[in-house]
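# Secondary and tertiary structure notes
Residue strings, one per chain:
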Amino acid sequence: MTSVFWPSDVTRSGICYGWNHPEICVAGVLEVEEESHAHTLLQHVAHSTEGQALIKLCGTPRVLGCCAFSSLMRASYPRPDITMVSGQSWAYPTTYIYYRRYNTSSLRFYALGPNETHRFEIQDEYMRSSLKHDFSNTTTSPSVSNTGQIMVNQWNSAKTLQQLIEHKQRVPTVAIQEVNTPLQKPPKYLAINKKIHSTTDGIKFSKSFFWRFPSCVFAFLSEFSVVVQQTESRARKLRHLLRGVHSVPNGDVRLKSSQYIEFYSTLWIVLNDLIIGIALRQLLRQDRQVLMQFFVLNFEDKAVHKLRQVLLWLDSWPGGLKLNTELSRFYSHGFMGLIALWHRSFRTIIHFLPMLFSVLELGSAFGVTMTLAMVCDLVCVFMAHIQLCYLVSVTVYDHLLRLVASLWNLFRGKRHNVLRNRTDPWEYDVDQLLLGTMLFTLVAYLFPTVLVYYILFATMRVSTILVYASLETALAFMNNFPLFALMLRVKDPQRSPGGIYMRVEPSKDGNDVDVCLDSHPLPLSVTFGQYVELWKRLVKHYHPFRLVWYVMSGQVLDTIPRKYIHN
Amino acid sequence: MQRTRPLPDIHPELSVTEWPSFREYRVENWRLARDGSGSIVPGATSWEWIDLCLPVVFSFIWSRVRGSIILCAFAVLAVAFITYCRCTQVLHESVLVFPTHGIQLETHRGYPLLKPLFVSRRFIHVSFLEDFIINEGLRRWNVRYYLAAVHRSSTDTIAIDVAFENILPYFPVLLEVYQGVQELMFHRPTNNAHIHI
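Listed in UniProt under the heading Sequence similarities (unreviewed entry), the comment for chain B reads: "Belongs to the PIGH family."

Looking at an unreviewed UniProt entry, chain A carries the name Gpi1-domain-containing protein, with the source organism given as Rhizopogon vinicolor AM-OR11-026.

So, in structure tokens, the structure goes:
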């Protein structure tokens, strides 16, 4: 019993043509009387450029035989009586597996599976080695491992082949034009597009100092400022948009579809961003006074006065804990001096607060991502005093910890061997031991004071980092959400296929079944794949355990480096 | 078109159907009791005694729930969850073998008295199928056998897909399916004399 792939929309009799390698797949039916006519048509098509590209993907199409439909058939799927061409003896009855022929311009296609990367790595290793050592497997592995892909290409190009042949049949002398070109752009737009690209490329690659200096400054600033990073990634997106969708000649429909989806996905993200940004701008405009009042009242109170009170409290035996008076006084006065310095500059900035709000409003007109980026930067600027105090206290704490570790080794009679990176027993001189022990006791008694101040600033730094992290997460969320892919999955699942399956339906006359080829839509894990990756990186950097470990070991807490988020 | 039960005495839940273009090995979600009495132990039930307790419980809590919206929503969610559980029981699972095209693993779920509501299918093309094996799995102190299709994905990583994943039938059923698939897909008729279990 041979099975033939039959297109589900073909119901007329005639000469059928298609491919017979690796399986018999009928691409269409020609209503001509003789086979030789069909042969000549196929040969003409095979010689054209379109035909050559098709042949490269699917193999050479041939005349397969002739088919006839009996007029009494009222089945839901066509059941032709097909007699194959000579050269193969087709005494076997044939069964049909129906597939749909999609037009290339509709961007629907079949695909064997999503392009997954790197799942099941460990399982892959085990299975590979077990397959290699499987001695009961006597047949050799199939060397034709891309027959699946060839068949999928055949199903996808069947409609194109039919259109080519019918065009040739209608107008035998004219050369075949490109059959469908979506998104044809007028020539003037192309010229402008080209000019924009050449200017941006020129700026990027120019050697002249006039352009190099701002771009160096830009690159330097983007390490610190989220606004600059955001502008850069948005500019890149817009540039990608301007490039538009290239028409891929002779359909690798998969490539065309993915380009289309990428283009519209970027467009949707940008437009979504702008719309929400403009709504936010209205909100900011209306509640401007309330927000400014709120900010002015609360921020100064919490960030400066409360902090000063806490420092004073720490200075005077906090909770009954007896700290070293001189060191504690030095610390608290030093930090209060730093805070006072910052407070003075804050006082001058506060006069410009209305202007700042106007800038924020202007930024939100460019999208809510710009607002988020600005808020990130403002958080950094307004918490600068805490950052400074934290850096000072973490340096002292870190040095103290290292000192304690080294002196502890001395106490036990050991030494850290830097060459071999291990702890070796070592003979110290008596005066070294004496000095070491004295230093150790000094440090041990001063340690609680340093620790207390460090804990204060570390907690403040952790809370700032968490606020910053949530803002960055929201920013990444807005920048990368695959809204278009989700909508496409809901609206037309055949345009984002994630695998094929055979659907078995009982036929209308009861006894038999029809087998049809269908597509699974792309699984959600693949649609959100990039998003999940980004989330994993963010969690890895801002994980609470990692933060706690860094606090305890005296390492500096920093925000996530730019290259992890903006790809 | 032609449906047989290859193991009618010990495992009548396995049925083999020969269609023109493929062969279907279907395992239904019930089995015979292991004590030899011949009674059927169902895997998917249409109703159980606990379903009768549901209206009783509901009538008790209705007076309390009627007041607040949150409790009402919670009660509705609970009822919806129970309905969902009842309607997605596994009815039968099958392996469809298309001789030159590939194999397809299917799971049909639904309410036991009606037609299947949800079907999940996984088609493995013959060019990706490396082997079809019976694997031994260790679960606590037991050894369970399961059928697995070893296939390579488009990125050339090897993965396995388990056939009859939810029902996990006993070994004689697996052997029958294994022999059928080996014969049809890989043209390796397995000789019965070599199987020692």
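Right, let's talk about the overall build of chain A for a bit. Helix and strand content of chain A: 19 helices and 10 strands. Counting only residues that meet the buried cut, chain A has 39% of its 567 residues in that class. Taking contacts inside chain A between residues at least 6 apart in sequence as the whole, the part at least 24 apart equals 72%. Within the structure as shown, chain A displays about 32900 Å² of accessible surface, and the carbon and sulfur contribution to it stands at 64%.

To continue, consider the packing of aromatic side chains. Applying the stated criterion across every chain yields a total of 36 aromatic pairs over all chains. Their ring planes at 40 degrees and their centres at 5.6 Å tell us that A:Tyr102 and A:Tyr110 sit as a pair that is tilted. Among the residues examined, A:Tyr102 registers a relative accessible area of 8% and is labelled buried. The structure contains a cluster of three or more aromatic residues connected by ring pairs, namely A:Phe5, A:Tyr99, A:Tyr102, A:Tyr110 and A:Trp155. For A:Arg415, the ring lying beneath its charged end belongs to A:Trp426, and the centroid distance is 3.9 Å. In this structure, B:Arg34 is placed above the aromatic ring of B:Tyr170, and the distance from its NZ or CZ to the ring centre is 4.1 Å.

What follows deals with the UniProt feature "transmembrane region" (unreviewed entry) in chain A. Residue and element names in this part refer to chain A. What UniProt calls "transmembrane region" (unreviewed entry) maps, in this numbering, to residues 352-384, 432-456 and 462-486. Annotation note: span residues 432-456, helix share 100%, strand share 0%, distance between end C-alpha atoms 35 Å. Segment residues 462-486 splits into 92% helix and 0% strand. End C-alpha atoms: 36 Å apart.

All right, on to the sheet that holds strand 11 (residues 158-163) of chain B then. Residue and element names in this part refer to chain B. The strand order across the open sheet built from three strands is 9-10-11, with neighbouring strands paired in antiparallel fashion. Both outer strands of the open sheet, strand 9 (129-139) and strand 11, are each paired with one neighbouring strand and no more. Pairs of neighbouring strands in the sheet enclose a mean axial angle of 40 degrees, with direction left out of account. Where strand 10 (residues 142-152) lies against strand 11, six bridges are found, and the strand directions are antiparallel. Looking at strand 11, one finds that Arg152 is bridged to Ile158. Running over the sheet, helix 3 (residues 171-186) touches strand 9 and strand 10 and is turned about 165 degrees from strand 9.

The subject of this paragraph is the nonpolar core. Residues and elements named next belong to chain A. Formed by 49 residues in total, the largest nonpolar core has its most connected members in Leu311, Phe335, Tyr390, Tyr454, Phe457, Tyr542 and Leu557. Secondary structure elements with two or more residues in this core: helix 9 (288-315), helix 10 (325-350), helix 12 (368-382), helix 13 (384-412), helix 14 (430-480), helix 17 (529-541) and helix 18 (544-553). Tallying contributions element by element places helix 14 first for this core, with 15 residues. Not counting residues within four places of it along the chain, the set of residues in contact with Leu557 comprises Tyr390, Arg461, Val462, Ile465, Leu547, Tyr550 and Val551.

Turning to helix 9 of chain A, a few remarks are in order. Residues and elements named next belong to chain A. Between the first and last C-alpha of helix 9 there are 40 Å, a value that for 28 residues agrees with the 40 Å anticipated at 1.5 Å per step. Where helix 9 bends most, the angle comes to about 35 degrees, and this point is Asp301. Residues Arg288, Met292, Phe299, Glu300, Ala303, Val304, Leu307, Leu311, Leu314 and Asp315 constitute the buried set of helix 9. In this structure, the buried side of helix 9 is in contact with helix 8 (253-286), helix 10, helix 11 (353-365), helix 12, helix 13 and helix 14. Directly beyond the C-terminal end of helix 9, a positive phi value near 45 degrees is found at Trp317.

The rules behind each value
- Residues numbered from 1 in each chain as written.
- Chains lettered and ligands numbered in written order.
- Predicted model: local features only at pLDDT ≥ 70, side-chain atom pairs only at ≥ 80, totals over all residues.
- Heavy atoms only, no water.
- UniProt positions renumbered as here; feature names shortened; annotations may be inferred.
- Helix = DSSP H or I, 4+ residues; strand = E, 2+ residues; numbered from the N terminus.
- Buried < 20%, exposed > 50% of the residue type's maximum accessible area, 1.4 Å probe, protein only.
- Contact = heavy atoms within 4.5 Å.
- Areas by Shrake-Rupley, 256 points an atom, 1.4 Å probe, with all protein chains shown as cover.
- Phe/Tyr/Trp six-rings, centres within 6.5 Å; stacked < 30°, edge-to-face > 60°.
- Lys NZ or Arg CZ within 6 Å of the ring centre and 35° of its normal.
- Pairing = 2+ DSSP bridges.
- Axes fitted to C-alpha atoms, helices over the stretch in contact; angles between N-to-C directions.
- Core = buried A, V, L, I, M, F, W, Y, C linked by side-chain atoms within 4.5 Å.
- Expected span 1.5 Å × (residues − 1).
- Bend = angle between axes of the 7 residues up to and from the residue.

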